[in-house]
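Here are the chains, one letter per residue:
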Amino acid sequence: MRILHHGAVNGVTGSCHQLDINQGEALSSYLIDCGLFQGAETAGKSSAQQLQIEFDISAIQALIVTHCHIDHVGRIPYLIAAGFDKPIYATKATAALLPLVIEDALKIGVTRDKKLIDAFLLRLESLIRPINYHQWVSLPLVDSTTKQDEVTEVKLKFKPAGHILGSAYVEFDLIGKAKHRVVFSGDLGATYAPLLASPRSPYRADTLVIESTYGDKNHQGRKDRSKLLKQIIEKCVADNGVVLIPAFSIGRTQELLYEFENIIAKNQHNPIWQNIDIIVDSPMAAKFTQKYLEFQALWDSEAKRVVNKGRHPLDFEQLYTIDSHQDHLAVINYLDSRNKPAIVIAASGMCSGGRIMNYLKRFLSEPTADVLFVGYQAQGTPGRDIQNFGPKGGYIMLDDERIDIKAGVHTISGYSAHADQANLINFVKRMHHKPKHIRIVHGDDEAKQALAGKYRQLLPDCEVEIGGQ
Ligand SMILES: [Zn+2]
Ligand SMILES: [Zn+2]
């Protein structure tokens, strides 16, 4: 067995790992994710180079998708264009979200031709195999008639990863004379995340490939963040100004809606919360929210308790969802002239495109407006620049237009969708049979090094490697 990486080795984007199983002459390979490179990791590469499937796909028997973030699934159209026609395994929720994500990616990056997109989506859907969590599935193998000491069966199982709806870590059992279990973590969620339960450790792993996004950091104040969110919003809207929250459509947006519904329900006599409009301006977010509602069975017990009380965490009275571009422009005008508090949630999360841009252009120079960041802002993105220069009274260039930042700028760090260092250590510590081999991927260098050090301390007999080195 060997594991190769075609992405998420030098940073966190472009996730694509390959599990090779050698059976004498025959080689069976499995791909785990096939994501896009983003931000700084695309530097020095043309857009065609970033999308190319530059590895041999002839031995690949299946693609396994851990979750629907674009940096884990964005290269799937190019994989299919390169001739891939094998099954794509995913959890049922991921299987439901995947066509939406790919449709959006095609519209933005490839074509607006509806016929072409529809034809491609049909092709994609014919390959997808939706699987329940906790269910073993046998994978296709090139040659299952080989000798006893070789692998004669490969099985996989998805376990909840608590990162976004449908997210999973994957257990592979390579069965021959002996059994070897390989676990790919995908992206792991953090503890105390709203809506989804945090992941439980596998019972056993012999080889573990694990993400390390926050391998060198621990999240602060996760238990207090809801209180902090409430305080910041109340301060921001005291002057009836608008609060802009840049957020990704999948995951963060639904977590925020869940939090806001909760605050509204608990502040029945607070005029701010009873009057506030919460506007989600993103057709994609609306579609994803619909899927979160369809898959309520996957919510954590606290969220289910709220539903049992007759409340509707993602679909409440003060929530407005904007679909058409016309309505989007109308809302901006409405916000300009209204005299009551409002929160707008729009993509993209790092202000590098999407509908949030029109809001920023209109409101960044308004002293009554506020921008609230709830997610990580990567180096070189407008989001990071607003975070940096806003509080110093600086300006930012958006589409060649200079905008002086007069709006308030705030950041809450407790809403990260990723496991922190303590979570990543516990993921291994709580296994009954601990790995003999760990490979660390999906992180910046410092994060990978720091986490490797912790694992070496925890398991002195385990071989801990950093992917790509
Ligand atoms: Zn992710
Ligand atoms: Zn990721």
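Note that the structure is a prediction, hence the values are computed from the model and not measured.

Trainee: Hey, could you go over the side chain of Asp206 for me, with residue numbers and the actual values?
Mentor: Note that Asp206 resides in the loop between β10 (179–184) and β11 (207–210). Within the structure, the side chain of Asp206 is placed 2.8 Å from the side chain of Arg204, a separation counted as a polar contact. What Asp206 contacts, discounting residues up to four positions off in sequence, is Lys179, His180, Arg181, Pro435, Lys436 and His437.

Trainee: For the pattern of salt bridges, give the residues involved together with the corresponding values.
Mentor: Taken as a whole, this structure holds 20 salt bridges when the rule is applied. The shortest N-O distance in the salt bridge between Lys114 and Asp118 comes to 2.8 Å. Placement of both Lys114 and Asp118 in helix α5 (residues 114–127) is noted, with a separation of four residues, approximately one turn of the helix. A relative accessible area of 59% places Lys114 in the exposed class. With a shortest N-O distance of 3.6 Å, Glu171 and Arg181 are connected by a salt bridge. Of the two residues, Glu171 sits in strand β9 (residues 168–175) while Arg181 sits in strand β10, which places them 10 residues apart along the sequence. For the pair shown, Glu171 and Arg181 are each scored as buried. Bridged by salt links that share partners, the residues Lys159, Glu171, Asp173, Lys179 and Arg181 form one connected network.

Trainee: Account for the packing of helix α7 (residues 252–266) against helix α9 (residues 283–294), naming residues and giving values.
Mentor: Taken N-terminus to C-terminus, the directions of α7 and α9 make an angle of 70 degrees; their axes are 9 Å apart at the nearest point. Considered as vectors, α7 and α9 are oriented roughly perpendicular to each other. Relative to α9, the crossing made by α7 is right-handed. Mapping the contact onto sequence places Thr253, Gln254 and Leu257 in α7 and Ala285, Phe288, Thr289 and Tyr292 in α9. Its residues assigned to classes, the contact of α7 with α9 comprises four nonpolar, three polar and no charged.

Trainee: Please provide a residue-by-residue account of the sheet that holds strand β15 (residues 342–346), values included.
Mentor: Taken in spatial order, the six strands line up as β14-β13-β15-β12-β16-β19 in an open sheet, and their pairing is parallel. One side of each edge strand has no neighbouring strand; the edge strands of this open sheet are β14 (319–322) and β19 (408–411). Looking at each pair of strands side by side, their axes are set apart by 20 degrees on average, direction ignored. As defined by bridge partners, strand β12 (residues 242–246) adjoins β15 across five bridges and the pair is classed as parallel. Residue pairing across strands places Leu244 opposite Val344, the latter belonging to β15. Those strands touched by helix α12 (residues 356–363) are β12, β13 (277–281), β15 and β16 (370–373), and its axis lies near 145 degrees from that of β12.

Trainee: Can you lay out the coordination of the zinc ion (ligand 1) for me, pointing to particular residues and giving the numbers?
Mentor: Taken together, the protein ligands of the zinc ion (ligand 1) are His67 (NE2), His69 (ND1), His163 (NE2) and Asp187 (OD), with distances of 2.2 to 2.3 Å. All donors to the zinc ion (ligand 1) come from one chain, and their sequence spacing reads H-x1-H-x93-H-x23-D. If you look at the zinc ion (ligand 1) and the zinc ion (ligand 2), they sit 3.6 Å from each other and are both ligated by Asp187. With His67 in the loop between β4 (60–64) and α2 (70–73) and His163 in the loop between β8 (153–160) and β9, this pair connects stretches of sequence that are 96 residues apart.

Trainee: Kindly report on the domain arrangement of the protein, identifying the contributing residues and their values.
Mentor: Assigned domains of the protein: these are domain 1 (2–217 + 417–466) and domain 2 (225–411). A C-alpha centroid distance of 31 Å is found between domain 1 and domain 2. Contact with domain 1, which involves 21 residues of that partner, is made by 20 residues of domain 2. Buried area between domain 1 and domain 2, both sides added, is near 1900 Å², and the carbon and sulfur share of it is 73%. Three residues stand out in domain 1 for area buried against domain 2, namely Leu165, Pro194 and Leu195, and they jointly supply 39% of the buried area on that side. Across the contact surface, domain 1 and domain 2 share zero salt bridges. In this assembly, domain 1 and domain 2 are joined by three residue pairs in polar contact (both at pLDDT 80 or more).

About the criteria used
Residues numbered from 1 in each chain as written. Chains lettered and ligands numbered in written order. Predicted model: local features only at pLDDT ≥ 70, side-chain atom pairs only at ≥ 80, totals over all residues. Heavy atoms only, no water. Helix = DSSP H or I, 4+ residues; strand = E, 2+ residues; numbered from the N terminus. Polar contact = N/O pair within 3.5 Å; in protein donor to acceptor, adjacent residues only side chain to side chain. Contact = heavy atoms within 4.5 Å. Salt bridge = Lys/Arg side-chain N within 4 Å of Asp/Glu carboxyl O. Buried < 20%, exposed > 50% of the residue type's maximum accessible area, 1.4 Å probe, protein only. Axes fitted to C-alpha atoms, helices over the stretch in contact; angles between N-to-C directions. Parallel < 35°, antiparallel > 145°, perpendicular 65-115°, else oblique. Left-handed = near helix turned anticlockwise from the far one by under 90°. Nonpolar A, V, L, I, M, F, W, Y, C, P; charged D, E, K, R; others polar. Pairing = 2+ DSSP bridges. Donors = N, O, S within 2.8 Å, 3.2 Å for Na, K, Ca; no water. Domains from an automatic or database assignment. Buried area = accessible area lost by both parts, 1.4 Å probe.

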